[in-house]
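Structure assessment
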Amino acid sequence: MYFKDSSSIIKYCNDNQLSLFEYALSYEMSLSELSKEEILTKMHEYLDVMKNSIKEGLKSSKGGKGKIIDRKAGDVYKSALSSHKNASGKTMVKAISYGLAVMEVNVTMGRIVAAPTAGASGIIPGVFKSLQETFELSDDKLVEGLLVAGIVGSLIAKNASIAGAEGGCQAEVGSGSAMAAVAGLYMLDVDIKHIFHGGAITLKNLMGLICDPVAGLVEVPCQKRNAIGVANSLIAIDMVRSGMESYIPFDEVVEAMKKVGNLMPSCHRETGTGGIANTETGIMYNHKIFGE
Amino acid sequence: MKNYSVFDIVGPDMIGPSSSHTAGAAKISFMASRIFGLDIVEVKFELHGSFSKTYKGHGSDKALLAGIMGIRHNDSRLRDAYIIVKGRLKYKFKKVDLGEVHPNTVRITMTSSTGESGVVQGSSIGGGNAIITKINDIDVEIDGEYDTLITAHKDKPGMISKLSYALSQEHINIAFMKVFREIKGKHAIMVLETDDKISKESLKHLKSIKGVYKTIYIPKGGH
Ligand code: SF4
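Since the model is a prediction, treat every value here as computed from it, not as a measurement. (Residues numbered from 1 in each chain as written. Chains lettered and ligands numbered in written order. Predicted model: local features only at pLDDT ≥ 70, side-chain atom pairs only at ≥ 80, totals over all residues. Heavy atoms only, no water.)

**Points about the overall build of chain B**
The helix and strand inventory of chain B stands at seven helices and eleven strands. For 223 residues, the compact-globule estimate of 2.2 N^0.38 gives 17 Å, and chain B sits close to it at 17 Å. A burial count over chain B gives 53% of its 223 residues as buried. For chain B, long-range pairs separated by at least 24 residues make up 67% of all intrachain contacts whose partners lie at least 6 apart in sequence. Element-wise, carbon and sulfur atoms account for 50% of the exposed surface of chain B, whose accessible area totals about 10200 Å². Both charge centroids of chain B, one from 32 positive and one from 24 negative side chains, sit 5 Å from each other. (Helix = DSSP H or I, 4+ residues; strand = E, 2+ residues; numbered from the N terminus. Rg over C-alpha atoms; globule rule 2.2 N^0.38 Å. Buried < 20%, exposed > 50% of the residue type's maximum accessible area, 1.4 Å probe, protein only. Contact = heavy atoms within 4.5 Å. Areas by Shrake-Rupley, 256 points an atom, 1.4 Å probe, with all protein chains shown as cover. Lys, Arg positive; Asp, Glu negative; His and termini not counted. Charge placed at Lys NZ, Arg CZ, Asp CG, Glu CD.)

**Overview of the interface of chain A and chain B**
Counting residues at the interface gives 40 residues for chain A and 31 residues for chain B. Of the roughly 3000 Å² buried where chain A meets chain B, counting both sides, 64% is carbon and sulfur surface. The largest share of the area that chain A buries against chain B comes from M109, R111 and K158 of chain A, three residues that together contribute 24% of it. Applying the counting rule to chain A against chain B returns one salt bridge. Among the salt bridges present, the one from D13 of chain B reaches R111 of chain A, with a minimum N-O distance of 2.4 Å. Applying the counting criterion to the chain A and chain B interface returns 13 residue pairs in polar contact (both at pLDDT 80 or more). (Buried area = accessible area lost by both parts, 1.4 Å probe. Salt bridge = Lys/Arg side-chain N within 4 Å of Asp/Glu carboxyl O. Polar contact = N/O pair within 3.5 Å; in protein donor to acceptor, adjacent residues only side chain to side chain.)

**Considering the domain arrangement of chain B**
Residues and elements named next belong to chain B. Splitting chain B by domain gives domain 1 (15–136) and domain 2 (147–218). Once you take the C-alpha centre of each, domain 1 and domain 2 turn out to be 25 Å apart. When the two sides are added together, the surface that domain 1 and domain 2 hide from each other amounts to roughly 490 Å², 72% of it contributed by carbon and sulfur. Its largest share of buried area at the contact with domain 2, domain 1 owes to R34, I35 and I135, together 74% of the area lost on that side. Between the two partners, domain 1 and domain 2, sit two residue pairs in polar contact (both at pLDDT 80 or more). By residue number, the principal contributor to the side of domain 1 that touches domain 2 is helix 2 (residues 19–36), which donates five residues. Within the side of domain 1 that touches domain 2, the residues separate by chemical class into five nonpolar, no polar and one charged. (Domains from an automatic or database assignment. Nonpolar A, V, L, I, M, F, W, Y, C, P; charged D, E, K, R; others polar.)

**Brief notes about the environment of I135 of chain B**
All names here are of chain B. Its location among the elements puts I135 in strand 6 (residues 129–135). A relative accessible area of 8% means that I135 is categorised as buried. When near neighbours in sequence (up to four residues on either side) are disregarded, I135 contacts I35, V119, V140, I142 and I189.

Below is the structure:
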């Protein structure tokens, strides 16, 4: 039951009347030889770690700062609680504050779950917590969603890449966002036929995004990229739930992403030598932190 | 094409900021301290490639120190490694060029309270995965993804079957097994990855086999 792409998985699920979660579970049981209970227990632990990193991250004053960035998640969260209006709405502002929170905990050597990487670790927790609050989802449902997210990521890893050093930021933040969108649609009971449109839309929206961390540190632009990753998933979920589809199917988008990644010069793949890392200010930070 | 476990994608849980420079580094030095097996009073980390360039920015130094003290890659105490290490052991970081090795490589030299020393080298190969590539002068390959038993024994006929027989007596299933040696007829190192945990008694029993100098057990990575 190891399939090469999403269309074969969808067909298999439909033929056997399985949900994407049930498929993910049986896939993992046969691949890792773990029992259902072991898998779910481990995912529950991961979910707890994710929720804790949000909690920790929102206490902005605690835990120091990064080499470059300040911790801002708490301020963003507060602005959602205030009586002022927010340009993108309370739900969105809270969601991105969760994504920032995890990312900032990561930067200050706190505990996180890499999903798919440490650099993009804020996206899934941000989207999941937001959906849990809006739709009153149970933790068990979120754990199911994490397995679905894992299957989506495994398809991308297999057919393209989830590493910024290989495929640029589209492969990291793009993949995290696609995983969160597909999982979100699953958790909201969207039919399996439509679920992967969320993945296609999110990947397309970040197609070509380069990896250009200033001074090679996972701080700038990564902090805010986690916010766009969260927002990207939420808007894709809303679009798909109101009936929009991706004209290009998920599997082809993944293939395109791989080709785009292959064409990226190494200075745009995590070496910290291109993009914003190679600006006057970016270089200044590099010198300040690492010397000449 | 490889089929990835969902836990390769969602996970590991770790201390940030970088899976390869922080989590991977902690895993290498944790395994190194286990392999050395003695109580460490002094340690030297020789950092190569990307490790030597950016170790401070990613907290690789804290991760390496933490691992040596038995703190794992997902333990929040990792952040305070410099505080915890005070009064416990002496340490040194050095930038070096180890030649044609993986860009994230560290060579760790450990000294015990009895004055014995040992060298373990390892690389952080991405996604928080790490491998040990050298124990003293012998090339090895150990990733710690399974419960791992390492034996140092005399390189002579019959040793391998004796060891695997002893394990089967203890109902320990061997998943993978590799033998490495420096010079024929001298020392050999065997790395056994097992599906089952290995108890202290089993380890003692294995060590009592004639020709076995040392047995080391590395419990499966902090999942
Ligand atoms: S810019 Fe690079 S390091 Fe930062 S989040 Fe994107 S892929 Fe990761």
